[in-house]
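# Observations on the three-dimensional arrangement
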Amino acid sequence: ETGVTQSPTHLIKTRGQQVTLRCSSQSGHNTVSWYQQALGQGPQFIFQYYREEENGRGNFPPRFSGLQFPNYSSELNVNALELDDSALYLCASSPQTGRSSGANVLTFGAGSRLTVL
Amino acid sequence: DQQVKQNSPSLSVQEGRISILNCDYTNSMFDYFLWYKKYPAEGPTFLISISSIKDKNEDGRFTVFLNKSAKHLSLHIVPSQPGDSAVYFCAASVPGAGSYQLTFGKGTKLSVIP
């Protein structure tokens, strides 16, 4: 059983550029979430995808967008990069279960560390 | 407004002793709480969870206690081992469509000294 894999592991961009981060979910998982972890902070929810549609969004501007593909892999796109976008971006997958099951355990990838100069 | 707070950025414990990591929350709508452990250069890994209808959940050396009236939970590790040295995140979720949206604290770095 493969875990969650993310690419690239590290990248450097300059302000105003655009970036695409990729994620392959764990086998059997059909829900993907993205989190931003700034230095010294806990992960912060960006959005979640289920059945190729956005299914929840945190307090992030529209320049943060995403996609989920039929094979449940996902992309996070960030346009017009700002210095404060420098962070570790974590992808997490989970199996879709009943809401009341409490089975909202996320499996995280190792992350993509983005530096914006 | 931080809804999940871990007020101790770091904690050092002797090997074999008990480690107690604390977490406070402000949102009374949270109904599920989780602890994640993170090693450097790795993603957070799930450790243990507790539903708001319970006050204790145990898994081997790890026990989580929930005090809803105080909006406080704690993670106990007994006995602590050097391999437990990591950053521990407390997280919580609300019921409904947001059940997969976790709100994390800032983390507590645990160092277990051999």
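## Considerations on the overall build of chain B
- Each helix and strand counted, chain B has zero helices and 11 strands in total.
- In summary, chain B has a C-alpha radius of gyration of 14 Å against a globular reference of 13 Å for 114 residues, a match within 12%.
- Residues counted as buried form 46% of the 114 residues belonging to chain B.
- Sequence separation of at least 24 residues holds for 54% of the intrachain contacts in chain B that already meet a minimum separation of 6.
- Accessible area for chain B stands at about 5,400 Å²; split by element, carbon and sulfur atoms hold 50% of it.
- Each charge sign in chain B was given a centre, from 11 positive and 9 negative side chains, and these centres are 4 Å apart.

## Re the overall build of chain A
- Helices and strands together make up the secondary structure of chain A, namely zero helices and 11 strands.
- When the elements of chain A are put in sequence order from the N terminus, they spell out β-β-β-β-β-β-β-β-β-β-β.
- Computed over its C-alpha atoms, the radius of gyration of chain A comes to 14 Å, within 12% of the 13 Å expected for a compact globule of 117 residues.
- A buried classification covers 48% of the 117 residues belonging to chain A.
- In chain A, 54% of the contacts between residues at least 6 apart in sequence involve partners at least 24 apart.
- Only carbon and sulfur atoms are counted for the fraction: they give 48% of the accessible area of chain A, which is about 5,600 Å².
- For chain A, the distance from the average site of its 8 positive side-chain charges to the average site of its 8 negative ones is 3 Å.

## Focus: the interface of chain B and chain A
- In this assembly, 21 residues from chain B lie in contact with 25 residues from chain A.
- Inspection of the region where chain B meets chain A yields zero salt bridges.
- Run the count over chain B and chain A and you get two residue pairs in polar contact (both at pLDDT 80 or more).
- The set of elements that each furnish at least two residues to the side of chain B that touches chain A consists of β4 (32–38) and β9 (86–93) of chain B.
- Among the elements that line the side of chain B that touches chain A, the one with the most residues is β4(B), at four residues.

Analysis parameters
- The numbering scheme is per chain: residues are counted from 1 as the chain's sequence reads.
- Lettering for chains starts from A, numbering for ligands starts from 1, and both go in the order in which the items are written.
- Reporting in this predicted model follows two pLDDT cut-offs: at least 70 for local features of residues, and 80 or more for side-chain atom pairs to be given and counted; totals over whole chains, interfaces and linings ignore these cut-offs and use all residues.
- The basis for every side-chain value is the complete set of heavy atoms in the structure, and neither hydrogens nor water enter the calculation.
- Only DSSP runs of H or I with at least four residues qualify as helices, and only runs of E with at least two residues qualify as strands; both kinds are numbered from the N terminus onward.
- Based on C-alpha atoms, the radius of gyration is set beside the globule rule, defined as 2.2 Å times the residue count to the power 0.38.
- Using a 1.4 Å probe on the protein chains alone, a residue whose accessible area is under 20% of its type maximum counts as buried, one over 50% counts as exposed, and one in between counts as partly exposed.
- Throughout, a contact is declared for two residues whenever any of their heavy atoms are within 4.5 Å.
- Here the accessible surface of atoms and residues is derived via Shrake-Rupley with a 1.4 Å probe, and residues count as covered only by protein chains that are part of the display.
- The positive count covers Lys and Arg only, the negative count covers Asp and Glu only, and His and the chain ends enter neither.
- Just so you know, the charge point we use is NZ for Lys, CZ for Arg, CG for Asp and CD for Glu.
- A pairing counts as a salt bridge when a side-chain nitrogen of Lys or Arg comes within 4 Å of a carboxyl oxygen of Asp or Glu.
- The definition of a polar contact used here is a pair of N or O atoms within 3.5 Å, where within protein one atom must be able to donate a hydrogen and the other to accept one, and adjacent residues in sequence count solely through side-chain atom pairs.

The quantities given are spatial measurements derived from coordinates; they are silent on function.
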